[in-house]
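# Chains, contacts and geometry: an overview
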Amino acid sequence: MVQEVVKIVDTIADRPTQLKVIEAIRTVTEGKIYVEVERARITYKLALMLEAEGKAKEGAEILQDLQIETYGSMERREKMEMLLEQMRLCLAKQDYVRTQIISRKVSLKFFEEEANQDLKLKYFKLMIQLDEHDSKFLSVARHYGAIYNTKKIKENPIDSLQALQCLLSYLVLAPFDNEQHDMMHRMLADKNLDKIPPYKRLLKSFITEEIIQWTIFSSELEKDLRQGSAELPAVYVFQPNAEGTARWLQLRQRTTEHNIRIAALYYSRVSLNRLAFLLSLTPLQLEEFIGKLVTKKTIFARIDRPSGTVVFRPHKNVDATLDDWAGNVAKLMEMISQTTHLINKEEMVHGMEHAAVAVADKD
């Protein structure tokens, strides 16, 4: 009976009557497992109707009460569609915590099937919205990576390049760590980078162990990244609006952090004023950036304010220095041993060849 009534709901022209029928069905089916699918479908229909009336918050609250992931009698695709609609409506009412909870119910294995590519793209676009709000740039880059590697996107050159541009933009915006560093090196091998030269230069700048001069960097890339050109339109990440400008300022912070990490590689001790001059910062700004990187354990540094210096190498006691020296000597002796072995091998091979030639001449 419930199934038959659900079928005729769409045929009811009078809106108040239609809503009364839907509420009646929801009341009758509440708590009954054997009609849980019909209850889910009619609730989904009600949520969309409320959203169309501008009541997205009410629609989200009604739909999120359904524990769709537990419905064993519902087809997987229909179940996934409703989960994604739960995420979308929660984002519409800016309930980011609930969206994060629902997203964990989604199985990524479902998207491996080619028939589900449309739902895969919808899921990752929703996740991008969620992680953009929380400024989780590395997660956003991973989501764009999943979109970029989708067959449907790869078959469209324009969409493919736009996904790659967004991926690289968020990748360099992400704070430095091992995962981000590894992902940058993997992306550098992508052949499509040659089609977007500004983004290739952007990526190389953060991979190369050299200080980035912000004035030169911005003069070369700002127009291409923020405004684009006729051949390569800019994506939304750095566009000249409020959000794009905020991300551009974050990019400048990332270049400063990159520069400090590079300085830590080449200097063991340096004057604060000298380093601030090299990085186009004031000593106070430099101290602030160094403090943040030390707190995140990205670098080791100690600031000596009375002498106006910063030390990038931890102090080693005598025993640690001796252990390092002994380890280096052991490595050196091992290399000498390997070299000796290779020389002896070459001499033996040369001697055998010489003997073989001598025997051939006698014959």
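Everything in this summary refers to the structure shown in the same document. (Residues numbered from 1 in each chain as written. Predicted model: local features only at pLDDT ≥ 70, side-chain atom pairs only at ≥ 80, totals over all residues. Heavy atoms only, no water.)

### Brief notes about the packing of aromatic side chains
On inspection of all chains with the given rule, the structure shows 11 aromatic pairs. Through pairs of rings, three or more aromatic residues link up here, namely F206, W214, F217, F238 and W248. Between K154 and the ring centre of Y148, over which it is positioned, the NZ or CZ distance is 4.4 Å. For the cation-ring pair, K292 lies above F289, with the distance from its terminal atom to the ring centre recorded as 5.8 Å. (Phe/Tyr/Trp six-rings, centres within 6.5 Å; stacked < 30°, edge-to-face > 60°. Lys NZ or Arg CZ within 6 Å of the ring centre and 35° of its normal.)

### Focus: the packing of helix α6 (residues 96-103) against helix α7 (residues 117-133)
When two helices pack together, their arrangement is captured by the angle between the axes and the distance separating the axes. Relative to each other, α6 and α7 sit at 140°, their axes nearing to 11 Å. Of the possible angle classes, the one that applies to α6 and α7 is oblique. Our pair here, α6 against α7, has a crossing hand that is left-handed. Taking contact as the criterion, the partners of Y96, T99, Q100 and S103 in α6 are, on α7, Y123, M127, L130, D131 and H133. (Axes fitted to C-alpha atoms, helices over the stretch in contact; angles between N-to-C directions. Helix = DSSP H or I, 4+ residues; strand = E, 2+ residues; numbered from the N terminus. Parallel < 35°, antiparallel > 145°, perpendicular 65-115°, else oblique. Left-handed = near helix turned anticlockwise from the far one by under 90°. Contact = heavy atoms within 4.5 Å.)

### Digging into the environment of F124
Mapping F124 onto the fold places it in helix α7. Residue classification places F124 among the buried residues on the basis of a relative accessible area of 9%. Distance in space between the C-alpha atoms of F124 and H143 is 5.7 Å, their sequence separation being 19 residues. Setting aside its immediate chain neighbours within four residues, F124 contacts L108, H143, A146 and I147. (Buried < 20%, exposed > 50% of the residue type's maximum accessible area, 1.4 Å probe, protein only.)

### Focus: the side chain of T99
Within the element layout of this structure, T99 appears in helix α6. In terms of polar contacts, T99 uses its side chain to reach the backbone carbonyl oxygen of D95, at 2.8 Å. Other than its neighbours up to four places away in sequence, T99 contacts M87, C90, L91 and L130. (Polar contact = N/O pair within 3.5 Å; in protein donor to acceptor, adjacent residues only side chain to side chain.)

### Some details on the packing of helix α12 (residues 197-207) against helix α13 (residues 214-226)
At a closest axis distance of 10 Å, the pairing of α12 and α13 adopts a crossing angle of 140°. Overall, the two elements α12 and α13 adopt an arrangement that is oblique. As α12 packs across α13, the resulting crossing turns out to be left-handed. Each of P198, Y199, R201, L202, S205 and F206 in α12 lies in contact with α13, whose residues at this interface are F217, E220, L221, D224 and L225. Taken together, the residues of the contact of α12 with α13 sort by class into seven nonpolar, one polar and three charged. (Nonpolar A, V, L, I, M, F, W, Y, C, P; charged D, E, K, R; others polar.)

### Remarks on α12
In an α-helix there are 3.6 residues to a turn, and that puts residues three or four apart on one side. Residues P198, Y199, L202, L203, F206 and I207 constitute the buried set of α12. Residues of α12 that are buried sit in contact with α10 (157-173), α11 (178-188), α13 and α14 (242-266).

### Looking at the side chain of E257
Relative to the elements of secondary structure, E257 occurs in helix α14. Those residues in contact with E257, other than ones at most four positions away along the chain, are F289, L293 and K296.

### Considerations on helix α8 (residues 137-148)
Taking 1.5 Å of rise per residue, 12 residues should cover 16 Å, and α8 covers 16 Å from first to last C-alpha, within 8% of that figure. Along α8, 11 of the 12 residues are buried, which leaves the element largely enclosed by surrounding structure. Taken together, the buried positions of α8 are occupied by F137, L138, S139, V140, A141, H143, Y144, G145, A146, I147 and Y148. Along its buried surface, α8 packs onto α7, α9 (151-154), α10, α11 and α14. (Expected span 1.5 Å × (residues − 1).)

### Structural notes on the nonpolar core
Residues L168, L171 and L251 are the most contacted members of the largest nonpolar core, which totals 70 residues. Residue contributions to this core peak at 10 residues, all from α10. Membership of the second largest hydrophobic core comes to 17 residues, among which are A263, A264, V270 and I299. (Core = buried A, V, L, I, M, F, W, Y, C linked by side-chain atoms within 4.5 Å.)

### Here we look at the pattern of salt bridges
Evaluated as defined, the whole model comprises 16 salt bridges. Between K122 and E85 there is a salt bridge, and its shortest N-O distance comes to 2.5 Å. With K122 in helix α7 and E85 in helix α5 (residues 76-92), this residue pair connects regions lying 37 residues apart in the sequence. With relative accessibility at 28%, the residue K122 sits in the partly exposed group. Note that E179 is salt-bridged to R142, the shortest N-O span being 2.7 Å. In this pair, E179 is assigned in helix α11 and R142 in helix α8, connecting sequence segments 37 residues apart. Since its relative accessible area comes to 35%, R142 is described here as partly exposed. (Salt bridge = Lys/Arg side-chain N within 4 Å of Asp/Glu carboxyl O.)

The values are spatial; any link to function lies outside them.
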